[in-house]
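Listed here are the chains, written in short residue letters.
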Amino acid sequence: MHLKRGWRIISFPVRVLKVLDPVNAENEVAGYFSRQPKSGRGSNKTILLQTAEDIYYLGIFGAVTQSLRKNEEFQVQQIVFNSLRVGDLKSPRDFLVIKIVSWLVARKWLSLYRTICDGVAYKSTGISHFLTDLIDVPRAYLIWKKLDDKASLLALNIDGVYVGDLIYDSYLRFKPSPTVNIRNLYLWRIIWQAIRDIRSGTRYFAKVKPVMYLTSYSAYIQHGIATRLALQAGVSVYCFGNYQEFAKKLTCQDSFQTVDAGGYKQGFLLLPDQESKIQRAESELLKRFSGEIDPATAYMKKSAYEETITDLPDVAGKIVIFLHDFYDSPHIYPDLVFPDFWEWVNFTIERLEALKIPYLLKPHPNQIDISDHVIDDLRRDHPGIQLVPAQITNKQLVVDGKMACAITMYGTVAHEMAYLGAPTIACAGNPHVSFNFCKTAKSKKEYSRFLENYNNLDFDADDARRESLVFYYMHNLNNPAQISEILNKVSRFRSSCRDDNVVDGELEKILGDIEQMESFQHYVAEMNNSALADR
């Protein structure tokens, strides 16, 4: 034990330097932009962007701003978010170490973003907050103490900004915890940071009205507060957080980073040549079933359909609950029946056991390592649960295993199940909400009724298969040729950014190709025109 602790202490500086030293990909992308001229430091037109600590977003934000600057002078400013880090309050030692490393990492990314930015709009932490913290800390404490339950947290509005969902999801991600404990001190700490961010953002937008704000996501306090403040100030916000659109223009009515899929079913009926579109969708979906990761599932580390020789458990006539990553942001869709995945799965298990309905759980293929502890907790609370081995594919469960029904909060598994021949029950806004193959509950009562009648859901296999292909087309393929060209090139850039073995010069080449594409230049010009029209 002493040797292990000693080794951790000795190796700590090496591990820190590894985090702080820009890797080749980061240097390559930053170097690409540093060689391009910047203009507009004195311009009265500002583009605001977040300092996302991700080389992909540095590249995309840089490509957008550089394209805009070729036709007009813009000043580009960055918001530095480095306020929350996973597990930063586990112990005094962790707090100190993570704070130091966080500060150094933020400085690294601040330097990288200087290659595309002219200055800093504001920072989420720092000495500049010292005096206002004397007010914000006790104010956050009073807000925290007045919270009665999770519902009161989710309804929380601070200074005219709805932040309850952002604080809730930030607690799950950064504490980290599968559910929120209202009385935990970490919640006070997040509320305090939310007040800080609202104060800084409100002050900034009162002085400056950017032409547009570019953000990676709109979940969590780091992304969501600035997004909502910008929208309230009348600033156009473009979010790059889903794979169906290059950039989603957010509104006060729809500030979700996910695509609005409510009109898919009716929209397809208006399209010409529908049968050829169905055939194209089937061809692409079958590639996913063969083990390929398609653009729609590019966020996954591995395919859920990798071939396996693992013995299939007995799932015939049974429900399979498809678990989510418990530490992900649940509030990326509207109309959640449950506030988090932990409450959802426990309610589901308890209801199924009360009804004596047989079920199994299938872990999410992309879940993080600490999710194993949540599975252990579920086993402790529900000793009879059975798990489907992660190596078993969804195709095996339906085609070979003859499972009866899938359960998810809002996962993409629903249209896959429909194609393979099984219905799905969901309980939140989701991409499949307009289709009959997915029964989406609006309340716990309706959800319970769906569970009780899982074998009688008015499910027609032939209709469901066709609807699943309609969904796939509308969700992944229904783009003009120019947009598809952008999405394909951007997808290649994203994959290359994640590839540890990417060839030197590859990222720079792809960025150059993106900037030279007429479709990209036209898209960015339309972003600017739309933003200017909103002012």
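Above: the structure in question.
Model, not experiment: these values are computed from the prediction.

Draft legend 1. Here's a closer look at the packing of helix H7 (residues 164-174) against helix H8 (residues 185-207). Direction vectors running N to C along H7 and H8 enclose 125°, while the axes themselves pass 10 Å from each other. Taken together, the axes of H7 and H8 are oblique relative to one another. Read as a crossing pair, H7 and H8 show a hand that is right-handed. Together, Ile167, Ser170, Tyr171 and Phe174 of H7 and Tyr186, Leu187, Ile190, Ile191 and Ala194 of H8 make up the contact between the two elements. For the contact of H7 with H8, the per-class residue count stands at eight nonpolar, one polar and no charged.

Draft legend 2. Spatial organisation of the packing of helix H12 (residues 341-354) against helix H13 (residues 371-381). Following both chains from N to C, one finds H12 and H13 inclined at 30°, their axes separated by 12 Å at the closest point. Between H12 and H13, the crossing angle belongs to the class labelled roughly parallel. By crossing handedness, the relation of H12 to H13 is classed as right-handed. Within the contact between the two elements, H12 uses Trp342, Val345, Asn346 and Ile349 and H13 uses Val374, Asp377, Leu378 and Asp381. Broken down by class, the residue content of the contact of H12 with H13 amounts to five nonpolar, one polar and two charged.

Draft legend 3. Layout of the pairing of strand S2 (residues 75-80). The buried count for S2 comes to six of six residues, which makes it a mostly enclosed element. Taking every second residue as pointing to the same face, both faces of S2 are buried, with Gln75, Gln77 and Ile79 on one and Val76, Gln78 and Val80 on the other. With helix H3 (residues 55-69) bridging strand S1 (residues 46-50) and its parallel neighbour S2, the resulting β-α-β unit is right-handed. Judged from the four bridges that link them, S2 and strand S3 (residues 119-123) form a sheet pairing that is parallel. If you follow Ile79 over to S3, its bridge partner there is Tyr122.

Draft legend 4. A look at the packing of aromatic side chains. A complete count under the given rule lists 28 aromatic pairs for this structure. Where Tyr141 meets Trp188, the ring centres are 5.0 Å apart and the plane angle is 65°; that geometry is what we call edge-to-face. You can see Tyr141 sitting in helix H5 (residues 130-146) and its partner Trp188 sitting in helix H8, a full 47 residues away along the chain. The interplanar angle of 50° and the centroid separation of 5.1 Å between the aromatic rings of Phe338 and Phe347 together place this pair among those described as tilted. You can call Phe338 buried: its relative accessible area is 1%. Among the aromatic residues, ring-to-ring pairing joins Tyr56, Tyr57, Phe61, Tyr217, Phe240, Phe246, Phe493, Phe520 and Tyr523 into one connected group.

Draft legend 5. The nonpolar core, seen in detail. Ranked by size, the top nonpolar core spans 82 residues in total, and within it Ile167, Leu187, Ile191, Ile321 and Trp344 carry the most contacts. The dominant element in this core, judged by the number of residues it contributes, is H8, at nine residues. Setting aside its immediate chain neighbours within four residues, Ile167 contacts Leu153, Leu156, Leu187, Ile190, Ile191, Ala194 and Ile221. Counting 48 residues, the second-largest nonpolar core is a separate cluster that includes Tyr57, Ile60, Val105 and Leu487.

Draft legend 6. View of the sheet that holds strand S9 (residues 319-322). Overall, parallel pairing links the five strands, which are arranged S10-S9-S11-S12-S13 in an open sheet. Lying at the two open borders of the sheet, with one neighbouring strand each, are strand S10 (359-362) and strand S13 (438-440). Between one strand axis and the next, the sheet turns by 25° as a mean value, whatever way the strands run. The pairing of strand S11 (residues 405-407) with strand S12 (residues 424-426) spans two bridges and is classified as parallel. Looking at S12, one finds that Ala406 is bridged to Thr424.

Draft legend 7. The sheet that holds S1, seen in detail. With mixed pairing, six strands are arranged side by side in an open sheet as S3-S2-S1-S6-S7-S8. Where the open sheet ends on each side, the last strands, each with one partner, are S3 and strand S8 (248-250). Across the sheet, the axes of successive neighbouring strands diverge by a mean angle of 25°, strand direction being ignored. One ladder, built from three bridges, connects strand S7 (residues 236-239) with S8; its direction is antiparallel. Considered in S8, the bridge of Cys239 is made with Lys248.

Draft legend 8. Quick look at helix H18 (residues 481-498). Between its first and last C-alpha, H18 extends 26 Å over 18 residues, near the 26 Å set by a 1.5 Å rise per residue. Looking at the buried residues of H18, the elements they touch are helix H2 (24-34), H3, helix H19 (506-516) and helix H20 (518-534).

The rules behind the values
- Residues numbered from 1 in each chain as written.
- Predicted model: local features only at pLDDT ≥ 70, side-chain atom pairs only at ≥ 80, totals over all residues.
- Heavy atoms only, no water.
- Axes fitted to C-alpha atoms, helices over the stretch in contact; angles between N-to-C directions.
- Helix = DSSP H or I, 4+ residues; strand = E, 2+ residues; numbered from the N terminus.
- Parallel < 35°, antiparallel > 145°, perpendicular 65-115°, else oblique.
- Left-handed = near helix turned anticlockwise from the far one by under 90°.
- Contact = heavy atoms within 4.5 Å.
- Nonpolar A, V, L, I, M, F, W, Y, C, P; charged D, E, K, R; others polar.
- Buried < 20%, exposed > 50% of the residue type's maximum accessible area, 1.4 Å probe, protein only.
- Right-handed = clockwise from strand over helix to strand, strands pointing away.
- Pairing = 2+ DSSP bridges.
- Phe/Tyr/Trp six-rings, centres within 6.5 Å; stacked < 30°, edge-to-face > 60°.
- Core = buried A, V, L, I, M, F, W, Y, C linked by side-chain atoms within 4.5 Å.
- Expected span 1.5 Å × (residues − 1).

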